[in-house]
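Residues per chain, in single letters:
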Amino acid sequence: DVKVTQSSRYLVKRTGEKVFLECVQDMDHENMFWYRQDPGLGLRLIYFSYDVKMKEKGDIPEGYSVSREKKERFSLILESASTNQTSMYLCASSLFGLVSYEQYFGPGTRLTVT
Amino acid sequence: DQQVKQNSPSLSVQEGRISILNCDYTNSMFDYFLWYKKYPAEGPTFLISISSIKDKNEDGRFTVFLNKSAKHLSLHIVPSQPGDSAVYFCAASTPTQGGSEKLVFGKGTKLTVNP
């Protein structure tokens, strides 16, 4: 059974803190993604990675960076957290070249920046 | 520039009736479309998909229709059940600069099925 796990379900951080969100998948997928979900805005892609140490910017990369040192792990980093980064963060993975392009999602991390 | 549009933020139907969720897209290069369902405090789960070479795909109570000329797709749920109450996201697949693929999501439609 496919599984994507995220390090925390809920997180509260202060403005200016450096925040790490971790995502691990056990499906040997090449592609991994970070999204944020906000009411009325849907799912917006922050960054994604299609191989170890390879990354591409998504639609809203400002204020974020990512790290992928191992195939199964993809980290999202908020260099200096701000209140407008309060959101639900979702990690996903997919198999490269799969015709269906299906992505598997983790349960999400609800981040609050105060 | 929103490439995938779900113009109805919410939809309410009675149990047993049909739910129709709509999605429009602007990029004619999109060739694969997916629907995801999301419950509160959970990640989205894949529901059904359709390739652009088809105009219909069916899986149990769920059917997706694609009208390429109109750049429109719809998800039909028949019969609707209270457990179907969730946010539904339409997504389209598009290639990336690195030769991989990513999904472009709509903003979602919140479906409420009333008992």
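As a reminder, the structure under discussion sits directly above these lines.
Worth saying up front: this structure is predicted, and the values here are computed from it rather than measured. (Residues numbered from 1 in each chain as written. Chains lettered and ligands numbered in written order. Predicted model: local features only at pLDDT ≥ 70, side-chain atom pairs only at ≥ 80, totals over all residues. Heavy atoms only, no water.)

Colleague: Requested: an account of the interface of chain A and chain B, with residues and values cited.
Modeller: Often the size quoted for an interface is simply the accessible area lost on bringing the parts together. On the chain B side, the residues contacting the 28 residues of chain A number 23 residues. Buried area between chain A and chain B, summed over both chains or domains, comes out near 2,000 Å², and the portion from carbon and sulfur atoms is 59%. Across the chain A-chain B interface, the total number found is zero salt bridges. Across the chain A-chain B interface, the total number found is four residue pairs in polar contact (both at pLDDT 80 or more). Mapped onto the side of chain A that touches chain B, the elements with two or more residues apiece are strand 4 (31-38), strand 5 (42-51) and strand 9 (87-94) of chain A. (Contact = heavy atoms within 4.5 Å. Buried area = accessible area lost by both parts, 1.4 Å probe. Salt bridge = Lys/Arg side-chain N within 4 Å of Asp/Glu carboxyl O. Polar contact = N/O pair within 3.5 Å; in protein donor to acceptor, adjacent residues only side chain to side chain. Helix = DSSP H or I, 4+ residues; strand = E, 2+ residues; numbered from the N terminus.)

Colleague: Report on the sheet that holds strand 7 (residues 64-70) of chain A, specifying residues and quantitative values.
Modeller: To summarise the sheet geometry, strands pair through backbone hydrogen bonds and adopt either a parallel or an antiparallel arrangement. Residue and element names in this part refer to chain A. Here we have four strands laid out as an open sheet, ordered 1-3-8-7, and antiparallel in their pairing. Both edges of this open sheet fall to strand 1 (4-6) and strand 7, since each of them pairs with a single strand only. Across the sheet, the axes of successive neighbouring strands diverge by a mean angle of 20°, strand direction being ignored. (Pairing = 2+ DSSP bridges. Axes fitted to C-alpha atoms, helices over the stretch in contact; angles between N-to-C directions.)

Colleague: Describe the packing of aromatic side chains, with residues and values.
Modeller: As enumerated under the stated definition, the model contains 13 aromatic pairs over all chains in all. Each ring, one from A:Tyr35 and one from B:Phe105, has its centre 5.4 Å from the other, and the planes form 90°; the classification is edge-to-face. Linking A:Tyr35 in strand 4 with B:Phe105 in strand 10 (residues 101-105), this pair reaches from one chain into another. Each member of the pair A:Tyr35 and B:Phe105 is classed as buried. Here the aromatic rings of B:Phe30 and B:Phe33 are separated by 6.4 Å at their centres, their planes lie at 90°, and the arrangement is edge-to-face. When its relative accessible area of 1% is taken as the criterion, B:Phe33 is described as buried. Here the aromatic cluster, defined as three or more aromatic residues joined through ring pairs, consists of A:Phe33, A:Tyr35, A:Phe48, A:Phe105, B:Tyr36, B:Phe46, B:Phe89 and B:Phe105. (Phe/Tyr/Trp six-rings, centres within 6.5 Å; stacked < 30°, edge-to-face > 60°. Buried < 20%, exposed > 50% of the residue type's maximum accessible area, 1.4 Å probe, protein only.)

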